[in-house]
Amino acid sequence: MAEVSSDTTKAAEQSLRARIADNDIFIDFKRNRLVMFATALLVVILGASLLAPWIAPTDPFDPLSLDIMNSNLPPVWQADGQWPFVLGTDDQGRDMLSAVLYGLRVSIIISALGVFLAAAIGICLGVLAGYFGGFLDAFIMRVADIQLTFPAILIALLIDGLLHGMLPSLSRESSASWVIIISIGLSFWVQYARTIRSSTMVERKKDYVNAARLFGLPPVAIMARHILPNVMGPVLVILTINFGLAIITEATLSYLGVGLPPMQPSLGTLIRIGQEFLFSGEWWIVAFPGIALAALVLTINLLGDWLRDALNPRLR
């Protein structure tokens, strides 16, 4: 019996591998070397950032580990560079490699949570608008149209300012991360809502939805069990593209000084701090966070553009 079970498992694994190998999207992925390189680089960046507490040489945001005598050291390949500060140090003696890894970690986590919040809001509102129609649909879509007339970063700045204004001054720094997450979530929900609404309006007229109504299922059950799984296709593409936009938005807020405080900086905060020393010769303080931010957003955008084309049946 054990041998039969083992043979069955092996056959199932071989069948799964064969289906993956014959999948059009997988074949297209293997042929596109630029997307393969971008995906590999993205995996490396995500892995290094999420493992920052274990692989970073120091904790750059622990004041007890800093030594002012190590401040403004250049990268190790320059004349005055010192080990173990491979990418040099800033004006406080923080190791730039560690600061970039921790900054990447903060930017990725905050942006990912903000994008998932935007997706949750947009999907719920889109399904409600598409299923019920009428006044609810008109109201949600008019709010979406009004928000689309303003740039996302302006909406994020407005929401960030309002939330900070409502919070006590003592809790502003501790709640800064959640303020940015909410700002991103309320800035990017519109695209999800409009896309899901259109798909829901098509699905609600199909026979399986009419059959569910005949069985007496309540609207909430119909939307959750039947319609929602069939309208989630475009969400992956929107998530990927909006992830890159959310990282830029978070970095912009932090760069403008309304994001994270200096003691828990993201890449935007590191760039803002580093630009003050750019013309005094310490170029590495701003260059390496900027390169990390550009590489992260570029790889996400390349992957998102490829996913959009690969999942579009009209382009296949």
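Computed from a predicted structure; not experimentally measured.

K.L.:
For this particular structure, what's the right way to read the overall build of the protein?
P.N.:
When helices and strands are counted, the protein shows 14 helices and zero strands. Starting at the N terminus and walking to the C terminus, you meet the elements of the protein as α-α-α-α-α-α-α-α-α-α-α-α-α-α. Looking at the protein as a whole, 41% of its 316 residues are labelled buried. Working note: accessible area of the protein is about 17100 Å², and carbon and sulfur atoms make up 67% of it.

K.L.:
Can you walk me through the confidence of the model for the protein in this structure?
P.N.:
Reading predicted coordinates in detail is not appropriate for stretches of low pLDDT. In this model, the protein carries a mean pLDDT of 81, and residues with pLDDT of at least 70 account for 88%. Mean pLDDT across the elements of the protein bottoms out in helix H1 (residues 2-22) (46) and peaks in helix H5 (residues 96-132) (91). Within the model, pLDDT remains below 50 along residues 1-5, and this stretch shows zero contacts once partners closer than five positions in the same chain are excluded. Scored below 50 in pLDDT, residues 7-22 makes four contacts in the model with residues more than four places away or belonging to other chains.

K.L.:
Looking at this model, I keep getting lost on a nonpolar patch on the surface. Mind explaining?
P.N.:
Together, Ile 146, Phe 150, Leu 154, Leu 157, Tyr 255, Leu 256 and Val 258 give the surface a local cluster of nonpolar side chains, amounting to about 590 Å² of exposed area. As for its position among the elements, Val 258 is in the loop between helix H12 (235-255) and helix H13 (267-275). Relative accessible area serves as the criterion here: at 31%, Val 258 is assigned to the partly exposed category.

K.L.:
Sorry if this is basic, but what is going on with the pattern of salt bridges here?
P.N.:
Charged atoms that come close allow side chains of opposite charge to pair. Scanning the model with the defined rule gives five salt bridges in all. In this structure, the salt-bridge partner of Asp 145 is Arg 142, at a minimum N-O distance of 2.8 Å. Of the two residues, Asp 145 and Arg 142 both sit in helix H6 (residues 134-148), three residues apart, roughly one turn of that helix. Looking at Asp 145, the relative accessible area reads 27%, which means it is partly exposed. The partner of Arg 194 in a salt bridge is Asp 145, and the shortest N-O contact between them spans 2.7 Å. Pair noted here: Arg 194 is in helix H9 (residues 189-203) and Asp 145 is in helix H6, with a separation of 49 residues, a long-range link. Three or more residues joined by partner-sharing salt bridges are found here, namely Arg 142, Asp 145 and Arg 194.

K.L.:
What is the right way to look at the UniProt feature "transmembrane region" (unreviewed entry) in the protein in this model?
P.N.:
Here the UniProt feature "transmembrane region" (unreviewed entry) sits at residues 34-56, 106-136, 148-170, 176-196, 235-258 and 283-307. Each end of residues 235-258 is marked by a C-alpha atom, and these two atoms are 30 Å apart; helix forms 88% of the span and strand 0%. For residues 283-307, helix accounts for 96% and strand for 0%, while the C-alpha atoms at its two ends are 36 Å apart.

K.L.:
Please clarify how the packing of helix H3 (residues 33-50) against H5 should be interpreted in this entry.
P.N.:
When two helices pack together, their arrangement is given by the angle between their axes and by how far apart the axes lie. Contact pair H3 / H5: the axes reach a minimum separation of 8 Å and the direction vectors enclose 105°. Of the possible angle classes, the one that applies to H3 and H5 is roughly perpendicular. Facing H3, whose interface residues are Ile 45, Leu 46, Ala 48, Ser 49 and Leu 50, H5 presents Leu 101, Leu 104, Arg 105, Ile 108 and Ile 109. For the contact of H3 with H5, the class distribution of residues is eight nonpolar, one polar and one charged.

K.L.:
Would you mind going over the environment of Leu 293 with me for this structure?
P.N.:
Mapping Leu 293 onto the fold places it in helix H14 (residues 284-310). Take Leu 293: its relative accessible area is 11%, and that puts it in the buried class. Taking the C-alpha atoms as reference points, Leu 293 and Leu 104, 189 residues apart in sequence, are found 7.7 Å from one another. In this view, Leu 293 contacts Ile 247, Ala 251, Leu 267 and Ile 271; residues no more than four positions away in its chain are not counted.

K.L.:
Which parts of the structure should I look at to understand the packing of H9 against H12?
P.N.:
H12 packs onto H9 with a crossing angle of 165° between their chain directions and a minimal axis gap of 11 Å. Taken together, the axes of H9 and H12 lie roughly antiparallel to each other. Seen along the crossing, H9 lies across H12 with a hand that is right-handed. Contacts between H9 and H12 pair Gln 191, Tyr 192, Thr 195 and Ile 196 from the former with Val 235, Ile 238, Leu 239 and Asn 242 from the latter. Split by residue class, the contact of H9 with H12 holds five nonpolar, three polar and no charged.

K.L.:
Any chance you could explain H13 here in plain terms?
P.N.:
Here H13 lies mainly inside the structure; seven of its nine residues are buried. For H13, the full list of buried residues reads Leu 267, Gly 268, Thr 269, Leu 270, Ile 271, Ile 273 and Gly 274. Each element contacted by the buried residues of H13 is listed here: H5, H12 and H14.

K.L.:
Honestly, the packing of aromatic side chains in this entry has me stumped. Any pointers?
P.N.:
Two measures describe an aromatic ring pair: the distance that separates the ring centres and the angle between the ring planes. One pass over the structure, following the stated rule, counts five aromatic pairs. With a centroid separation of 6.2 Å and an interplanar angle of 85°, the aromatic rings of Trp 77 and Phe 288 are classed as edge-to-face. You can see Trp 77 sitting in the loop between helix H4 (52-55) and H5 and its partner Phe 288 sitting in helix H14, a full 211 residues away along the chain. Exposure remark for Trp 77: the relative accessible area of 54% places this residue in the exposed category. With a relative accessible area of 14%, Phe 288 lands in the buried category. Between Trp 283 and Phe 288 the ring centres are 5.7 Å apart and the planes differ by 50°, which places this aromatic pair in the tilted class. Take Trp 283: its relative accessible area is 32%, and that puts it in the partly exposed class. Through a chain of ring-to-ring contacts, the aromatic side chains of Trp 77, Trp 283, Trp 284 and Phe 288 assemble into a single cluster.

Basis of the calculations
Residues numbered from 1 in each chain as written. Predicted model: local features only at pLDDT ≥ 70, side-chain atom pairs only at ≥ 80, totals over all residues. Heavy atoms only, no water. Helix = DSSP H or I, 4+ residues; strand = E, 2+ residues; numbered from the N terminus. Buried < 20%, exposed > 50% of the residue type's maximum accessible area, 1.4 Å probe, protein only. Areas by Shrake-Rupley, 256 points an atom, 1.4 Å probe, with all protein chains shown as cover. pLDDT = per-residue confidence, 0-100. Contact = heavy atoms within 4.5 Å. Patch = residues over 30% accessible without salt bridge, like charges linked within 9 Å, V, L, I, M, F, W, Y side chains within 5 Å. Salt bridge = Lys/Arg side-chain N within 4 Å of Asp/Glu carboxyl O. UniProt positions renumbered as here; feature names shortened; annotations may be inferred. Axes fitted to C-alpha atoms, helices over the stretch in contact; angles between N-to-C directions. Parallel < 35°, antiparallel > 145°, perpendicular 65-115°, else oblique. Nonpolar A, V, L, I, M, F, W, Y, C, P; charged D, E, K, R; others polar. Left-handed = near helix turned anticlockwise from the far one by under 90°. Phe/Tyr/Trp six-rings, centres within 6.5 Å; stacked < 30°, edge-to-face > 60°.

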